[in-house]
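# Chains, contacts and geometry: an overview
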Amino acid sequence: MRLNADTMLRRADQSMYLAKKSGKNRVIFFDPEEESKFQERRHLLERVELGLENNEFELYYQPKVNLLENKLIGLEALIRWHHPEKGLQAPWYFVDALEHATLGISIGEWVLKTVIEQLSQWNKCGLDITVSINISVVHLQDEGFVEQLEAYIKETPDVQANQIELDILESSSIKNMDTVIGILQTCRAIGVKIALDDFGTGYASLSYLKKLPLDTLKIDKSFIINMLDDSGNQVIVESIIALSKAFGYELIAEGIETAEHVSLYTDMGGTCGQGFAIAHPMPSHDVLKWVQDYEDLAV
């Protein structure tokens, strides 16, 4: 069967994407069975791009608190998509498709700019808070990342750099470690905080602890959620608490879902966390009221 040029280029593009996803520096031959998945991904990327143009994305914010002092210490920004046909969509629906796409950088830039603008509004209302932002390693290594971040901050002079925390997934494959370390060190030099997210899920946890310039560790929620019924998870959580104290990092436990989680985690020496037992992610316009209600309860 003879193929036209468009079909050949499309199949070559598909093979290139699979090669990058598999770790680069390899040859991938076109697989007809993968074509439908490739087409679905391409269609999703086109729809995400249109959604960005049409302002269909919104940031929700989940509080992080000191569980011993009942004190708000920060918020995490979490992206949501108001899909016209499918309704409100969580990140899992579209984020994986962005992993090796330049569109992922555009989404990341939108998140950064939106968070900084929101911080400015909250500052004017008297809420001085730190917001953590999930940032991909691909976006982090994009040329001019630090300069763009600084430019966003300078555009909103009432926002301080230390109100921004960049969350790097521990499960991310960091191949250019020296480059990433240099970028993160530059970010910290201007005052931006750095967190290692989903800690414990990857294969280089101790190496990352030793090499990356960090301020915060975030225990992956799978360990916290399951520690009530799994002694092995309890051991892991206790070990991470000890590691964080040894390295001098702030520690946040994700997945604090019940009062039992709060009790066990704090009994083991943990202090700060986030999860449904504290608050669900909420739109920005609900944050100030939640903060006021939480402070009233804590008094």
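Below is a summary of the structure that appears in this document.

### Brief notes about the packing of aromatic side chains
Scanning the entire structure with this criterion turns up 9 aromatic pairs. Ring geometry for F57 versus F94: centroids 5.5 Å apart, planes at 65 degrees, classification edge-to-face. One end of the pair, F57, is in strand 1 (residues 57–66); the other, F94, is in the loop between strand 3 (87–89) and helix 3 (102–124), and 37 residues separate them in sequence. Between Y61 and W122, the ring centres sit 5.0 Å apart and the planes meet at 75 degrees, which makes this aromatic pair edge-to-face. Taken together, the residues Y61 in strand 1 and W122 in helix 3 connect sequence positions 61 residues apart.

### So, the nonpolar core
Within the largest apolar cluster, 78 residues are counted, with the highest numbers of intra-cluster contacts made by F145, L166, L212 and Y265. Ignoring anything within four residues of it in the chain, the contact list for F145 reads L112, I135, H139, L140, L166, I183 and C187.

### Concerning the packing of helix 5 (residues 145–155) against helix 6 (residues 177–189)
Running from N to C, helix 5 and helix 6 cross one another at 20 degrees; their axes reach a closest spacing of 10 Å. Taken together, the axes of helix 5 and helix 6 are roughly parallel relative to one another. The handedness of the crossing between helix 5 and helix 6 comes out as right-handed. Seen from helix 5, the contacting residues are F145, V146 and L149; seen from helix 6, they are I183, T186 and C187. Split into classes, the residues belonging to the contact of helix 5 with helix 6 amount to 5 nonpolar, 1 polar and no charged.

### Overview of the pairing of strand 8 (residues 250–254)
By the criterion of burial, strand 8 is predominantly enclosed, with 4 of the 5 residues buried. Where strand 8 meets strand 9 (residues 272–274), 3 bridges bridge the pair, whose relative direction is parallel. Counterpart to A253 in the pairing with strand 9 is G273. With respect to chirality, the unit in which strand 8 leads through helix 10 (residues 259–267) into the neighbouring parallel strand 9 is right-handed.

### So, the packing of helix 3 against helix 5
Running from N to C, helix 3 and helix 5 point in directions that differ by 25 degrees, and their axes come no closer than 9 Å. Comparing the axis directions of helix 3 and helix 5 gives the class roughly parallel. Crossing angle aside, the handedness with which helix 3 passes helix 5 is right-handed. Residue-level contacts link E109, L112, K113 and I116 of helix 3 to F145, L149, Y152, I153 and E155 of helix 5. Here the residues of the contact of helix 3 with helix 5 are counted per class, giving 6 nonpolar, no polar and 3 charged.

Criteria and thresholds
Residues numbered from 1 in each chain as written. Predicted model: local features only at pLDDT ≥ 70, side-chain atom pairs only at ≥ 80, totals over all residues. Heavy atoms only, no water. Phe/Tyr/Trp six-rings, centres within 6.5 Å; stacked < 30°, edge-to-face > 60°. Helix = DSSP H or I, 4+ residues; strand = E, 2+ residues; numbered from the N terminus. Core = buried A, V, L, I, M, F, W, Y, C linked by side-chain atoms within 4.5 Å. Buried < 20%, exposed > 50% of the residue type's maximum accessible area, 1.4 Å probe, protein only. Contact = heavy atoms within 4.5 Å. Axes fitted to C-alpha atoms, helices over the stretch in contact; angles between N-to-C directions. Parallel < 35°, antiparallel > 145°, perpendicular 65-115°, else oblique. Left-handed = near helix turned anticlockwise from the far one by under 90°. Nonpolar A, V, L, I, M, F, W, Y, C, P; charged D, E, K, R; others polar. Pairing = 2+ DSSP bridges. Right-handed = clockwise from strand over helix to strand, strands pointing away.

Purely geometric stuff here, so don't read any function into it on its own.
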